[in-house]
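Listed below are the residues making up each chain.
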Amino acid sequence: MGELLTSGPPRHGGADGPVRRFAVVGSPVGHSLSPVMHRAAYAELGITDAVYDRYDVPARQLADFLCSDVGEGLQGLSVTMPGKPEAFALAARRDATAELLGVANTLLRHGDGSWRAENHDVHGIVAALRDHGATGGGTGAVLGSGATALCAVAALAQLGVQEVLLSARSPEKLTPLEQLAEGAGITVEMVPFDRSEALLGADILISALAAPGARAVAERWGGLAARDVPGVLLDVLYDPWPAPIAGLLSADGAEVADGLEMLAHQAGQQVRSMLAVPEAPVAAMLAAARNEIGAFPAPGQ
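Just so you know, these numbers come straight off a predicted model, no measurement behind them.

Cut-offs used in this document
- Residue numbers run consecutively from 1 along every chain, following the written order of its sequence.
- Whole-chain, interface and lining totals are the exception, using all residues; otherwise, since this is a predicted model, local features are given only for residues with pLDDT of at least 70 and side-chain atom pairs are given and counted only at 80 or more.
- Values shown for side chains rest on all heavy atoms present in the structure; no hydrogens or waters enter the calculation.
- Segments assigned H or I by DSSP are reported as helices when at least four residues long, segments assigned E as strands when at least two residues long, and all are numbered from the N terminus.
- Using C-alpha atoms as the atom set, the radius of gyration is obtained and then compared with a globule rule of 2.2 Å times the number of residues to the power 0.38.
- Type-normalised accessible area, obtained with a 1.4 Å probe on protein chains alone, sets the label of each residue: buried when under 20%, exposed when over 50%, and partly exposed for intermediate values.
- By definition, residues are in contact when any of their heavy atoms lie within 4.5 Å.
- Only the protein chains shown count as cover for residues, with accessible areas throughout obtained via the Shrake-Rupley method and a probe of 1.4 Å.
- For this count, His and the chain ends are skipped, Lys and Arg are scored as positive, and Asp and Glu as negative.
- Charge positions are represented by NZ for Lys, CZ for Arg, CG for Asp and CD for Glu.
- Polar contacts, as used here, are pairs of N or O atoms within 3.5 Å; protein pairs need one atom able to donate a hydrogen and one able to accept it. Residues neighboring in sequence count only if both atoms are side-chain atoms.
- We define the nonpolar core as a collection of buried residues of types Ala, Val, Leu, Ile, Met, Phe, Trp, Tyr and Cys that are connected through side-chain atoms lying within 4.5 Å of one another.
- The working definition used for a salt bridge is a side-chain nitrogen of Lys or Arg within 4 Å of a carboxyl oxygen of Asp or Glu.
- pLDDT is defined as a per-residue confidence score from the predictor, taking values between 0 and 100.
- By convention, a crossover is right-handed whenever its connection, traced from the first strand over the helix to the second and viewed with the strands pointing away, goes clockwise.
- One requirement defines pairing of two strands: DSSP has to find at least two bridges between them.
- Lines fitted to C-alpha atoms define the axes here, with helix axes fitted over just the stretch in contact, and angles between the N-to-C directions of these axes take values from 0 to 180 degrees.
- Geometric relationships in this document are graded by angle, where less than 35 degrees denotes roughly parallel, more than 145 denotes roughly antiparallel, 65 to 115 denotes roughly perpendicular, and other angles denote oblique.
- In this scheme the crossing of two helices becomes right-handed for a clockwise turn of the near helix relative to the far one and left-handed for an anticlockwise turn of less than a right angle.
- Residue type decides the class: Asp, Glu, Lys and Arg count as charged, Ala, Val, Leu, Ile, Met, Phe, Trp, Tyr, Cys and Pro as nonpolar, and the leftover types, Gly among them, as polar.

Draft legend 1. Inspection of the overall build of the protein chain at higher detail. Assigned secondary structure in the protein chain consists of eleven helices and 13 strands. Here the C-alpha radius of gyration of the protein chain, 19 Å, is about what a compact globule of 301 residues would show, namely 19 Å. In terms of principal-axis extent, the alpha carbons of the protein chain reach across some 65 × 35 × 35 Å. Counting over 301 residues, the protein chain shows a buried share of 52%. Restricting to contacts in the protein chain with at least 6 residues of sequence separation, those with at least 24 account for 70%. Of the roughly 12,600 Å² that the protein chain leaves accessible, carbon and sulfur atoms contribute 51%. Computed over 20 positive and 34 negative side-chain charges, the inter-centroid distance for the protein chain is 4 Å.

Here it is in structure tokens:
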């Protein structure tokens, strides 16, 4: 539990005091680009008294990790799966988005040792979509289920969609998404997974599918004699790029945002919360992430 996977910058104090320590936790977490993005932000902002690492923390071990010698020295964490529900549960305070969804991707330590949970995943989705021209109203669609898909519905609600189409291989897993949308006053249509091409007519389409499911859907859609093109597609995948669905729809002329853009925006919000700075250098953070994996810009950028 709590295995340090990268050493990061040297541990030394800054000019005004001891070093501030932050990290990303999850399992597996070795692939996380959070250290690359946060360290890029530190460099851009001239922050010399903060370091950012990553620790492998399996499911149901986050609370124990935070009480360990390593965890007690951390002022803030980025939390990836499977720790997001646990991060929400152990926090004494929560922001409104975390409270709404029951999951958090950020933990901030208060002076009394308690934790505040925040959810910036929804912001990341909204900001990435707006960068590509998404506006309010109209129809949204979410392909897939799970935590990211739930955040996608919350993002569509923030954007002001009036109707949302939901489709997943396991339709019973869509119940929380349906309830969230209906609670926001959005009309919901459940679309069978074997007719998921109906989502292509949406103004905003978000694919929250993992790579195997995305490949299967892209193969099916690619075999259609004719298909609609969504106004904007956000594909949460990013490595390798282009992802199957993004590659197919960009060839059809769709405006496409990729998962790295979403991650950079949510990481930017984490930087603002963790360091108490008014703005984060999101463009520099995104460039650092793309450089790390050798990714080309998303189609349409």
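Still to come is the rest of the account.
Draft legend 2. Up close: the environment of aspartate 228. Structurally, aspartate 228 is set in the loop between helix 8 (211-222) and strand 12 (232-235). Residue aspartate 228 is classed as partly exposed on the basis of its relative accessible area of 48%. For the pair aspartate 228 and leucine 200, spaced 28 residues apart in sequence, the C-alpha separation works out to 5.3 Å.

Draft legend 3. Structural context of the environment of arginine 54. With respect to the helices and strands, the residue arginine 54 is situated in strand 3 (residues 50-56). Sequence spacing of arginine 54 and serine 78 is 24 residues, and the spatial spacing of their C-alpha atoms is 9.1 Å. Within the structure, the side chain of arginine 54 is placed 3.1 Å from the backbone oxygen of glycine 30, a separation counted as a polar contact. A polar contact of 2.5 Å, which involves the side chain of arginine 54, links it to the backbone oxygen of serine 32.

Draft legend 4. Geometry of the nonpolar core. With 35 residues, the main nonpolar core has Leu101, Ile125, Leu129, Val142, Leu177, Ile204 and Ile206 as its most contacted residues. Those elements giving two or more residues to this core turn out to be helix 5 (121-131), helix 6 (147-159), strand 9 (163-167), helix 7 (175-183), strand 11 (204-207) and strand 12. Sequence-distant contacts of valine 142, defined by excluding residues within four places in its chain, comprise Ala149, Ala152, Val153, Leu156, Val164, Leu165, Leu166, Ser167, Leu177, Leu199 and Ile206. Counting 24 residues, the second-largest nonpolar core is a separate cluster that includes Leu199, Trp221, Leu249 and Ala254.

Draft legend 5. Quick peek at the side chain of histidine 132. Within the element layout of this structure, histidine 132 appears in the loop between helix 5 and strand 8 (139-143). Assessed through its relative accessible area of 9%, histidine 132 is described here as buried. A polar contact of 2.7 Å, which involves the side chain of histidine 132, links it to the side chain of glutamate 255. Engagement of the side chain of histidine 132 in a polar contact is seen with the backbone oxygen of valine 256, the distance being 3.3 Å.

Draft legend 6. Highlighting the pattern of salt bridges. This model, assessed by the stated rule, comprises ten salt bridges. Across the pair aspartate 121 and lysine 84 runs a salt bridge whose closest N-O atoms are separated by 2.8 Å. Taken together, the residues aspartate 121 in helix 5 and lysine 84 in helix 3 (residues 84-90) connect sequence positions 37 residues apart. The pair aspartate 121 / lysine 84 is uniform in exposure class, with both members buried. In this structure, a network of salt bridges that share partners links the residues Asp258, Glu261 and Arg290.

Draft legend 7. Fine view of the confidence of the model for the protein chain. Mean pLDDT over the protein chain works out to 93, with 92% of the residues at or above the 70 mark. Confidence drops under pLDDT 50 across residues 6-14; counting only partners more than four residues distant or on other chains, this segment forms 20 contacts.

Draft legend 8. Summary view of the pairing of strand 2 (residues 20-26). Most of strand 2 sits out of view: six of its seven residues are buried. In this region the chain leaves strand 2, passes through helix 1 (residues 34-45) and returns to the parallel neighbour strand 3; the handedness of that crossover is right-handed. As judged from the four bridges shared by strand 2 and strand 4 (residues 76-79), these two strands associate in the parallel manner. Along strand 4, the bridge assignment pairs alanine 23 with leucine 77.

Draft legend 9. A look at the packing of helix 10 (residues 259-275) against helix 11 (residues 282-293). Where helix 10 contacts helix 11, the axes come no closer than 9 Å and their chain directions differ by 130 degrees. Relative to helix 11, the element helix 10 lies oblique. Here helix 10 and helix 11 pass one another in a crossing that is right-handed. Where helix 10 abuts helix 11, its residues Leu260, Glu261, Ala264, His265, Ala267, Gly268 and Val271 lie against Val282, Met285, Leu286, Ala289, Arg290 and Ile293. Residue classes in the contact of helix 10 with helix 11 are distributed as nine nonpolar, two polar and two charged.

Draft legend 10. Region of the structure containing helix 5. For helix 5, a buried count of eight out of eleven residues is recorded, marking the element as mostly surrounded by other parts of the structure. Considered for burial, the residues of helix 5 that qualify are Asp121, Val122, Gly124, Ile125, Val126, Ala127, Ala128 and Leu129. Glycine 133 sits one or two positions beyond helix 5 and adopts a positive phi of about 95 degrees.

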